[in-house]
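Spelled out from the first residue to the last, the chains are:
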Amino acid sequence: MNKDDINSIKTLLNSPKAIVIIPHKNPDGDAIGSALGLYHYLKQNNHNVSIIAPNDYPDFLKWMPKESSILKYDAQKEDCDAVIYHADLIFTLDFNSLSRIGDMETIVSNSEAIKIMIDHHQQPDDYATYMYSDISMSSTCEMVYNFIEMLDEANKIDRDIATCLYTGIMTDTGSFRFPSTTSATHHIVGQLIQKGANNSEIHNQIYDTNSYARLQLLGRALSNLKVIPEYRTAYISLSQEELNTFDFKKGDTEGFVNYGLSLKGIIFAAIFIESHQDNIIKISLRSKGDFSVNELSRTHFNGGGHTNAAGGRSELNLKETIDKFISILPQYKQDLKI
Ligand code: 5GP
Ligand code: MN
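Residues numbered from 1 in each chain as written. Chains lettered and ligands numbered in written order. Predicted model: local features only at pLDDT ≥ 70, side-chain atom pairs only at ≥ 80, totals over all residues. Heavy atoms only, no water.

Scanning the protein for helices and strands turns up 14 helices and 12 strands. By the compact-globule yardstick of 20 Å for 338 residues, the protein fits well, its C-alpha radius of gyration being 20 Å. Here the protein holds 338 residues, and 53% of them are scored as buried. In the protein, the share of contacts with a sequence separation of at least 24, taken over all contacts with a separation of at least 6, comes to 65%. A total accessible area of about 15,500 Å² is found for the protein, and carbon and sulfur atoms account for 46% of it. Averaging the coordinates of the 31 positive side-chain charges in the protein and doing the same for the 43 negative ones gives two points 4 Å apart. (Helix = DSSP H or I, 4+ residues; strand = E, 2+ residues; numbered from the N terminus. Rg over C-alpha atoms; globule rule 2.2 N^0.38 Å. Buried < 20%, exposed > 50% of the residue type's maximum accessible area, 1.4 Å probe, protein only. Contact = heavy atoms within 4.5 Å. Areas by Shrake-Rupley, 256 points an atom, 1.4 Å probe, with all protein chains shown as cover. Lys, Arg positive; Asp, Glu negative; His and termini not counted. Charge placed at Lys NZ, Arg CZ, Asp CG, Glu CD.)

Here's what the structure looks like:
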């Protein structure tokens, strides 16, 4: 973000504003952490701030400070429309295309509020007045830290802000192990701990709150794991019936796709999850090295994301989706074959 943009935003934030913060649909730790981190910062500066998530998110995120104040668009559409209608400023966090906010797309795109994008995904759309977009960043939470620092307000980062931002950096970096984790990321995380984030407690809240049913579902996912060694590819599928058997709750399959990638010699992993509610197959893709699952997902599965982590969807049935997946692998033999 250049100096002129920062100065304009500083001027905007100099007087109290009605501000709406929007994370993407099916928000993850980075989306909710960055939204709440920014919320606590803006509240300190006497703005009237609301967070509107397009829909609900997993229980393991429902402990962050002021999490309960987040509005859910799909459950409170009319209230949310009124809040968006009165907004002076809209921050869009952890996504870069308004198609990622589902049913909120029209009202946000028609809103005359000034829009500020903070995001680290590839190929941003052009809807924002001010854009802080950087695909080299580990997480949107790392960018919110930088954003507050660019406003010369790092001294305002308190325990609540630090807790929320730490959470999103931790979840988006796979606990600081993905290649997007840099020395700057570690420096910021160090600062956040110094400002009061309890790293061990945050880790427990996110990762050590499994239900027995979720571990059983993981067991089923692992026994469904298939390997295609000639393409260094592994994939998992879960049918709606299997999800029902193990009392599936939102977020239960988070991280499952990474098990495929942990196999020796595998550089491309996928999970296909049937959703009767949405009438689609939800797809998560992960890779190692230069193989771009963002490109594959955009081209074949109506999605996108990052080089090594992307998501998408299919309107075919589960078997047809997997058949399609297998049939496109030869197109990527250059990258996937040894
Ligand atoms: P996940 O597989 O964990 O749902 O998502 C992996 C990454 O891809 C995340 O950064 C997420 O924001 C992005 N992503 C997931 N689903 C979609 C999608 O349908 N469209 C786009 N453009 N990005 C997605
Ligand atoms: Mn993110």
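Additional details are given in the paragraphs that follow.
With that settled, the discussion passes to the nonpolar core. Ile21, Leu38, Leu42, Phe91, Ile118, Phe147 and Leu192 are the most contacted members of the largest nonpolar core, which totals 50 residues. Contacts of phenylalanine 91, omitting those with residues within four sequence positions, involve Ile19, Val20, Ile21, Ile22, Leu38, Leu42, Ile116, Ile118 and Phe147. Membership of the second largest hydrophobic core comes to 22 residues, among which are Ile228, Tyr235, Leu329 and Leu336. (Core = buried A, V, L, I, M, F, W, Y, C linked by side-chain atoms within 4.5 Å.)

On to the packing of aromatic side chains. Per the counting criterion, the structure on display carries 8 aromatic pairs. Taking 5.9 Å as the distance between ring centres and 75° as the angle between the ring planes, the aromatic pair formed by phenylalanine 91 and phenylalanine 147 counts as edge-to-face. You can see phenylalanine 91 sitting in strand S4 (residues 89–93) and its partner phenylalanine 147 sitting in helix H5 (residues 140–150), a full 56 residues away along the chain. Geometrically, the ring pair formed by tyrosine 166 and phenylalanine 176 is edge-to-face, given 5.7 Å between the ring centres and 65° between the ring planes. Of this pair, tyrosine 166 sits in helix H6 (residues 159–172) while phenylalanine 176 sits in the loop between H6 and helix H7 (183–194), and the two are 10 residues apart along the sequence. (Phe/Tyr/Trp six-rings, centres within 6.5 Å; stacked < 30°, edge-to-face > 60°.)

Time to look at the side chain of asparagine 45. Position of asparagine 45 among the secondary structure elements: in the loop between helix H2 (29–44) and strand S2 (48–53). Here glutamate 153 takes part through its side chain, which lies 2.9 Å from a polar atom of the side chain of asparagine 45. In terms of polar contacts, asparagine 45 uses its side chain to reach the side chain of lysine 156, at 2.8 Å. Setting aside chain neighbours within four positions, we find asparagine 45 in contact with Glu153 and Lys156. (Polar contact = N/O pair within 3.5 Å; in protein donor to acceptor, adjacent residues only side chain to side chain.)

Moving on, we get to the domain arrangement of the protein. What the domain assignment reports for the protein is domain 1 (3–207) and domain 2 (212–336). Each of domain 1 and domain 2 was reduced to a C-alpha centroid, and the two centroids are 27 Å apart. Listed by partner, the interface residues are 12 residues for domain 1 and 10 residues for domain 2. For the pair domain 1 and domain 2, the summed buried surface comes to about 920 Å²; carbon and sulfur atoms form 46% of the total. (Domains from an automatic or database assignment. Buried area = accessible area lost by both parts, 1.4 Å probe.)

So, on to the environment of phenylalanine 291. Among the structural elements, phenylalanine 291 can be located in the loop between strand S10 (280–287) and helix H12 (293–300). If sequence neighbours within four positions are ignored, phenylalanine 291 has contacts with Phe268, Leu296, Thr307, Asn308, Tyr332, Asp335 and Leu336.

Here the focus is H6. Given a rise of 1.5 Å per residue, 14 residues ought to cover 20 Å, and the 20 Å separating the end C-alpha atoms of H6 matches this to within 8%. Most of H6 is tucked away, with 12 of its 14 residues classed as buried. Considered for burial, the residues of H6 that qualify are Ile161, Ala162, Thr163, Cys164, Leu165, Tyr166, Thr167, Gly168, Ile169, Met170, Thr171 and Asp172. Each element contacted by the buried residues of H6 is listed here: H2, H5, H7 and helix H8 (199–207). (Expected span 1.5 Å × (residues − 1).)

A few words on the sheet that holds strand S1 (residues 18–23). The strand order S3-S2-S1-S4-S5-S6 describes an open sheet built from 6 strands, whose pairing is parallel. One side of each edge strand has no neighbouring strand; the edge strands of this open sheet are strand S3 (71–72) and strand S6 (130–133). Bridge analysis of S2 against S3 gives 2 bridges, and the strand direction is parallel. Among the inter-strand pairings, alanine 53 is bridged to a residue of S3, identified as lysine 72. Across the face of the sheet, H2 comes into contact with S1, S2 and S4 while running at roughly 165° to S1. The strands touched by H5 within the sheet are S4, strand S5 (114–119) and S6, with S5 carrying the most contacts at an inclination of about 125°. (Pairing = 2+ DSSP bridges. Axes fitted to C-alpha atoms, helices over the stretch in contact; angles between N-to-C directions.)

So, on to the sheet that holds strand S9 (residues 268–275). Within the open sheet, the 6 strands sit side by side as S7-S8-S9-S10-S12-S11. Their pairing is mixed. Edge strands, defined here as strands with exactly one partner in the open sheet, are strand S7 (226–228) and strand S11 (304–305). Packing of H12 onto the sheet brings it into contact with S9, S10, S11 and strand S12 (309–314), and relative to S12 it is tilted by some 15°.

Turning our eyes to something else, we now look at the pattern of salt bridges. On inspection of all chains with the given rule, the structure shows 9 salt bridges. Where aspartate 152 meets lysine 10, a salt bridge forms, and the shortest distance between an N and an O atom there is 2.8 Å. One end of the pair, aspartate 152, is in the loop between H5 and H6; the other, lysine 10, is in helix H1 (residues 3–13), with 142 residues separating them in the sequence. By relative accessible area, which is 55% here, aspartate 152 ends up exposed. One salt-bridge network, held together by shared partners, links Asp56, Asp59 and Lys62. (Salt bridge = Lys/Arg side-chain N within 4 Å of Asp/Glu carboxyl O.)

Here H2 crosses H6 at 160°, and the two axes come no closer than 8 Å. Taken as axis vectors, H2 and H6 run roughly antiparallel relative to one another. As H2 packs across H6, the resulting crossing turns out to be left-handed. In this structure, H2 uses Gly29, Asp30, Gly33, Ser34, Leu36, Gly37, His40, Tyr41 and Gln44 to contact H6, whose residues at the interface are Asp160, Ile161, Cys164, Leu165, Gly168, Thr171 and Asp172. (Parallel < 35°, antiparallel > 145°, perpendicular 65-115°, else oblique. Left-handed = near helix turned anticlockwise from the far one by under 90°.)

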